[in-house]
Amino acid sequence: MARDSLVGSRIRERRVMNGIRQAELATQAEISASYLNLIEHNKRRIGGKLLVNIAAALGVEPSVLSEGAEAALIATLREAAASSGKTEVELDRVDEFAGRFPGWAEVLADQYKQVQSLERTVQSLTDRLAHDPHLATSMHELLTMVTAIRSTAGILHENDQIEPEWQGRFHRNLNEDSLRLAESAQTLVTYLDGQDETATKGSSPQEELDAFSKENNYHFPALETASGWPEDLVKGASTLTTVAARDMAKRVLDAYQHDAKRLPRPAFLEAINQIGLKPDLLAQRFDVSLSTILRRCAAMPDDALPMPVGLVVCDGSGALLFRRQLRGFSLPRFSAACAKWPLFKALSQPMQPVRGIVEMAGHDADQFECLAIADRISAVSFEKTPLYNAYMLILPRLDKVEDPRLVGSTCRICPRAKCEGRNMPSILTQGI
Amino acid sequence: MSKRVLLIEDEPNIIEAISFILSRAGWDVVTHSNGHDAIEAVQNRQPDVVILDVMLPGRSGYEILTDLRAQDETASLPVLMLTARGQTKDREMAERVGASLFMTKPFSNGEVLDAVNQLVGA
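The shown structure was predicted, so the numbers you read here are calculated from the model rather than taken from an experiment.

About the thresholds
- Residues numbered from 1 in each chain as written.
- Chains lettered and ligands numbered in written order.
- Predicted model: local features only at pLDDT ≥ 70, side-chain atom pairs only at ≥ 80, totals over all residues.
- Helix = DSSP H or I, 4+ residues; strand = E, 2+ residues; numbered from the N terminus.
- Contact = placed C-beta atoms within 7 Å.
- Buried ≥ 20, exposed ≤ 12 C-beta atoms within 10 Å, placed from the backbone.
- Axes fitted to C-alpha atoms, helices over the stretch in contact; angles between N-to-C directions.
- Parallel < 35°, antiparallel > 145°, perpendicular 65-115°, else oblique.
- Left-handed = near helix turned anticlockwise from the far one by under 90°.
- Nonpolar A, V, L, I, M, F, W, Y, C, P; charged D, E, K, R; others polar.
- Expected span 1.5 Å × (residues − 1).
- pLDDT = per-residue confidence, 0-100.

J.: What exactly am I supposed to notice about the overall build of chain B here?
T.: Along chain B, the regular secondary structure elements total 5 helices and 5 strands. When the helices and strands of chain B are listed from N to C terminus, the series reads β-α-β-α-β-α-β-α-β-α. Residue pairs in contact within chain B that sit at least 24 positions apart in sequence constitute 59% of those at least 6 positions apart.

So, in structure tokens, the structure goes:
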């Protein structure tokens, strides 16, 4: 059905929208109601003076009635229908759909385009893993070296009576191959680290917020000296590309500004200098909440503190709102965090300080001292149950304890086989 | 007379190790280390078994095996394929082009020996 043959549908749509009866409009346009009915059902072509009259009666420009929805929109809708694989799509009425519900049609077309672009992303990520030539070459080299070493070592081990000349040769080969293996492994690790670096520039709002905080070293001098405003900092940040990310950053910076006013940096650092990085004592000294101190500690640049710190903040659902990364304490990028973090214990007993020494699963098995509290974020009231956020400051623990709480980052990448908190299997297997 | 195995592999230390193992077990081992003229090597050396690496300079093991299977005199020659990738895709590929056996690196010496013995029905 050609698009210009849909003028009738648009007239009908407008008329119904304006609450005018068919007979009424017909009278105004000086035609019979039955003729208007034929027009409205696209059974009579309409143009010229009659179209102008009807448009005037309906209070719209004639072009609104005569011009259909954008051709591109319709093309996209057709594509969407084709890709859905459903046979019952009313393809013959796509013009009518786009003409009568332009808003809905736009939504559908936009979503279809978005799905397509996401599919392309997934495809390219999958391709990168499966076909990344660098990765494939690296792995091939690694396995080749391992094969040579295994074979050679096997020979030396299984053959006691091996001629000295051969023995020397195999020892030399073993040495050569192990050196090359070390090099290949190093290359691979460097490569994977590099991959990680680019991946953190991803574009979920949470990731953008993380990147934004990190590039500012978690510290905002303009807010410390009250010489700038959160709005301006957010506006000027090229890392924050989405509305959601800017909104999240604004919240974080508002809280930062509020804290900075109550605990000016010079006085705060001076107090830390005197009594150490002891949030409870600092809270007493300044007569502020423990959560304020925890946030404030994580708002100081690393070189101003006696040791590096990390911070995670979650809401009542456990969703991570803010994270300051501390080396060795891995924070999940996408999924839910480890249920055994003291952060969540704090969430289950609001307003009570929680301290825990944890050991992070991983090669280095680093230990950390975690200081956490869940604090109210809504006004105190008898009428409404308050909402809480939990805050956890993470400090490196150098003198290791015997019985730390064993934690991980997130189940999916946690190697701990026996854990009562496991909620899904790990993708990690033993070895490579 | 001992059976002859032709090892087509480009990693010198793997060649050395496998040659040693198979020679000790009584095999007559000949080697070749590139893909370009691997077909000629098979025709000239007349082996009873071929051990063929997938990743070779010049031509891939799959291409070489495809050619071998297309020729009457080598159509049923026992071929053990070696690959550094254990993916199902690689295994399927090896099966499709007609590998008699397929082995993933890293393998043990015993496994190679068992495989070639199995291929000549020893």
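J.: Help me understand the overall build of chain A in this model?
T.: Secondary structure summary: chain A contains 18 helices and 6 strands in total. Within chain A, the fraction of its 432 residues that count as buried is 28%. Considering only intrachain contacts with a sequence separation of at least 6, the fraction spanning at least 24 residues in chain A is 62%.

J.: Please clarify how the packing of helix 1 (residues 12-24) of chain B against helix 5 (residues 109-119) of chain B should be interpreted in this entry.
T.: For any two helices packed against each other, one specifies the crossing angle of their axes together with the interaxial distance. Residues and elements named next belong to chain B. Between helix 1 and helix 5, whose axes approach to 10 Å, the crossing angle comes to 55°. Compared by their axis directions, helix 1 and helix 5 come out oblique. Where helix 1 crosses over helix 5, the handedness of that crossing is right-handed. Touching Ile18, Ile21 and Leu22 of helix 1 are Asn109, Val112, Leu113 and Val116, all from helix 5. The class makeup of the residues in the contact of helix 1 with helix 5 is 6 nonpolar, 1 polar and no charged.

J.: I'm lost on helix 1 of chain B in this one. Help?
T.: Each α-helix winds once per 3.6 residues, and so residues spaced three or four apart point in a common direction. Compared with the 18 Å implied by 1.5 Å per residue over 13 residues, the 18 Å span of helix 1 of chain B between its first and last C-alpha is a close match. Following helix 1 of chain B by one or two positions, Gly26 of chain B adopts a phi angle in the positive range, close to 95°.

J.: Explain the interface of chain A and chain B here, please?
T.: Note on interface size: it is often stated as the accessible area lost on association of the parts. Residue-level contacts link 14 residues of chain A with 15 residues of chain B. Mapped by element, the contributors of at least two residues to the side of chain A that touches chain B are helix 9 (133-158) and helix 10 (164-199) of chain A. Counting residues per element, the side of chain A that touches chain B draws most heavily on helix 9 of chain A, at 11 residues.

J.: What should I look at first to understand the packing of helix 15 (residues 265-275) of chain A against helix 16 (residues 279-286) of chain A in this one?
T.: Residues and elements named next belong to chain A. Where helix 15 contacts helix 16, the axes come no closer than 11 Å and their chain directions differ by 125°. The orientation of helix 15 relative to helix 16 falls into the category oblique. When the axes of helix 15 and helix 16 are compared, the crossing they make is right-handed. On helix 16, the residues touching Ala271, Ile272 and Ile275 of helix 15 are Leu281, Leu282 and Arg285. The class makeup of the residues in the contact of helix 15 with helix 16 is 5 nonpolar, no polar and 1 charged.

J.: Even after reading the chapter, I still don't get the confidence of the model for chain A, so can you show me in this structure?
T.: Note that predicted coordinates carrying low pLDDT should not be read in detail. Per-residue pLDDT for chain A averages 85, and the proportion of residues at 70 or more is 91%. Across residues 196-201 of chain A, confidence stays below pLDDT 50; counting only partners more than four residues off in sequence or on other chains, it has 3 contacts.

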